[in-house]
Structures are given as C-alpha cells and as structure tokens.
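# Overview (structure and organization)
In case you want the letters, here they are:
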Amino acid sequence: MPMRLLRAPLTWIAVAVLVVGAATALYWFQPWKLVTDREVHEELVAVPSATPSAVPSTASSTGSAAPSRPAAPSRPAAPSPTPAGPVLLGGGEFVSHEHDTRGAARIVRTADGRHRLELVGLDTSNGPDLQVWLTDQPVRTGPSGWRVFDDGRHVALGPLKGNRGDQAYEIPAGTDLTGLTSVSIWCERFAVSFGAAALTTAG
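Residues numbered from 1 in each chain as written. Predicted model: local features only at pLDDT ≥ 70, side-chain atom pairs only at ≥ 80, totals over all residues. Heavy atoms only, no water.

## As for unusual backbone geometry
To keep it simple, the criterion reads: A run of DSSP states H or I qualifies as a helix once it reaches four residues; a run of E qualifies as a strand once it reaches two. Both are numbered from the N-terminal end. Exposure classes here rest on a 1.4 Å probe applied to the protein chains alone. A residue is buried below 20% of its type maximum, exposed above 50%, and partly exposed in between.
With a phi close to 55°, aspartate 129 is a non-glycine residue in the positive phi region. Structurally, aspartate 129 can be placed in the loop between strand 4 (115-123) and strand 5 (130-135). Looking at aspartate 129, the relative accessible area reads 29%, which means it is partly exposed. If you check the backbone angles, alanine 191 has positive phi at about 50° while not being a glycine. Its location among the elements puts alanine 191 in the loop between strand 8 (182-187) and strand 9 (192-198).

## A look at the pairing of strand 7 (residues 164-170)
Definition in use: At least two bridges found by DSSP between two strands are what make those strands a pair.
Across three bridges, strand 1 (residues 39-41) lies against strand 7 in parallel orientation. Bridging from a neighbouring strand, glutamate 39 pairs with arginine 164 of strand 7. Bridge analysis of strand 4 against strand 7 gives six bridges, and the strand direction is antiparallel. For aspartate 123, the partnering residue across the bridge sits in strand 7 and is arginine 164.

## Comments concerning the environment of arginine 153
Here is the rule: Between two residues, a contact is recorded if the distance between any of their heavy atoms is within 4.5 Å. Polar contact is the term for a pair of N or O atoms within 3.5 Å; when the atoms are in protein, one must be able to donate a hydrogen and the other to accept it, and sequence-neighboring residues count only if both atoms are side-chain atoms.
Relative to the helices and strands, arginine 153 is located in the loop between strand 5 and strand 6 (154-159). Discounting chain neighbours no more than four positions away, the residues touching arginine 153 are Leu134, Thr135, Asp136, Thr175, Asp176, Thr178 and Leu180. For arginine 153, the side chain forms a polar contact with the main-chain oxygen of aspartate 176, separated by 2.3 Å. Within polar-contact distance, the side chain of arginine 153 engages the backbone oxygen of threonine 178 at 3.0 Å.

## Quick notes on the nonpolar core
Under the convention used in this document: Only buried Ala, Val, Leu, Ile, Met, Phe, Trp, Tyr and Cys residues count toward a nonpolar core, and they belong to the same one when joined by side-chain atoms within 4.5 Å.
Of all hydrophobic cores here, the largest spans 22 residues; its most connected members are Leu117, Leu119, Leu134 and Val183. Broken down by secondary-structure element, the contributors of at least two residues to this core are strand 3 (102-109), strand 4, strand 5, strand 6, strand 8 and strand 9. For leucine 119, the contacting residues outside a window of four places in its chain are Leu44, Phe94, Ala104, Ala105, Leu160, Gly165, Asp166, Gln167, Tyr169 and Ile185. Trp133, Val148, Phe149 and Ala196 belong to the second-largest nonpolar core, a separate cluster that totals five residues.

## Comments concerning the environment of alanine 191
Relative accessible area serves as the criterion here: at 27%, alanine 191 is assigned to the partly exposed category. Taking the C-alpha atoms as reference points, alanine 191 and leucine 130, 61 residues apart in sequence, are found 9.9 Å from one another. Every residue in contact with alanine 191, bar those within four places of it in the chain, is listed here: Arg147, Asp150 and Trp186.

## Side note on the packing of aromatic side chains
This is how it is decided: Pairing of aromatic side chains requires ring centres within 6.5 Å, counting the rings of Phe and Tyr and the six-membered ring of Trp. Pairs whose planes differ by under 30 degrees are stacked, by over 60 edge-to-face, and all others tilted.
All told, the structure shown has two aromatic pairs when counted by the stated rule. Note on tryptophan 133 and tryptophan 186: the rings are 5.0 Å apart at their centroids and 20° apart in plane angle, and the pair reads as stacked. On the criterion of sequence distance, the pair formed by tryptophan 133 in strand 5 and tryptophan 186 in strand 8 is long-range, its members being 53 residues apart. The same class applies to tryptophan 133 as to tryptophan 186, namely buried. For the pair phenylalanine 149 and tryptophan 186, a centre-to-centre distance of 6.3 Å together with 75° between the ring planes defines the contact as edge-to-face. Within this pair, whereas phenylalanine 149 is found in the loop between strand 5 and strand 6, its partner tryptophan 186 is found in strand 8, the two being separated by 37 residues in sequence. Grouping residues by exposure puts phenylalanine 149 and tryptophan 186 together as buried.

Pasting the structure below:
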C-alpha cells in the first residue's frame, strides 16, 4: 500500500505543493531572524549638550562722570553666526510596537552642513525587510500605532543595518525635514512598525 501511494501522481503533487509552501513561508517569514541578532557599532557624531550663543555686552561704566558726548549712531545688530560644529536638531526615545524596541533616535546637522539620522543604543528584534523611515505620522503606543507610518509622507533612509547597536543614516541632500516628526523601524514586507520614536525639536 505505501508503494502504491508513492507511485500515485496525486501523492507527488501533494509533496511538491508542501515543499513549495514551506519554501515560500521560510522566504517570507525568515523565522531564524527572530533568534539571531546583528550588532552594529558605528561612530556617532559628538554633539555638545548645549551650544553657547554670543550675548552682546550691555554693561556700562559707572565711574566718575565724563564730559557728555553725542551718542554714536546705532548700528543694526549682526545676525548670530551659524554654529560651526555639529548641532542636535531633535530626537526622542523609541517605544515598542510589534516587537520590544529600546534606544533613541536623533537628527544631527554635521559641521559640513549635512543631515543624518543616528540610532543610539538600538535594541529591537531582527526581521525580514526592515527599513528605516522618517515619517510625518504621530507615534502611538499599542496596536493602533503599528501600521500608520505608510499612511502619509515618509522618507526611506535604507535597510536597517542591525537590530542592535549604534548606527547612522545619511539624510538625502535637499530633503525637506519640515513635518517629519518621527522615525520608524518599518517592516516593509508585512507593513508593520517594530518600534518608533517621536523626534522632538531640540531646545
């Protein structure tokens, strides 16, 4: 009886369907990634905690009276110079979505005027087709916030380099950062966020 089953065409069709189904499931879900980590340790920009600004002196001498002189014509105040070093533009802490996610995200303007997103101490799950997105969507906790990041405007910065560690992503020149208020670790294959951070403007 078993030999007859092996010789039957329907048996081989069923086996082929099972093999193809298993291969497809492995391709899409890549379950081994859930139990493996990829660590990245890239150098991050050293950003000062506060950038001092030049304050014009308003103090005047209170010594002995001097002969009065006509006041010099006032001059318009010179504009404050743009800081020469790197500047922190904004950042925030990650919250968990479909997978536990910890760490921080920040946008830095480098000394040469470029912008980049840095992920500091990221710790999330590995997974298939993970991307790093800047988006205009609010960050919400709970399942209602897992799938919103492809609803509006987003800028894809490339595949996630690693699910753990420090890493940096160049923001394309000319990108309008106005309204891009969050970053998501986005699983493009299943259209779900693993974790996200709101980018609060640095004061």
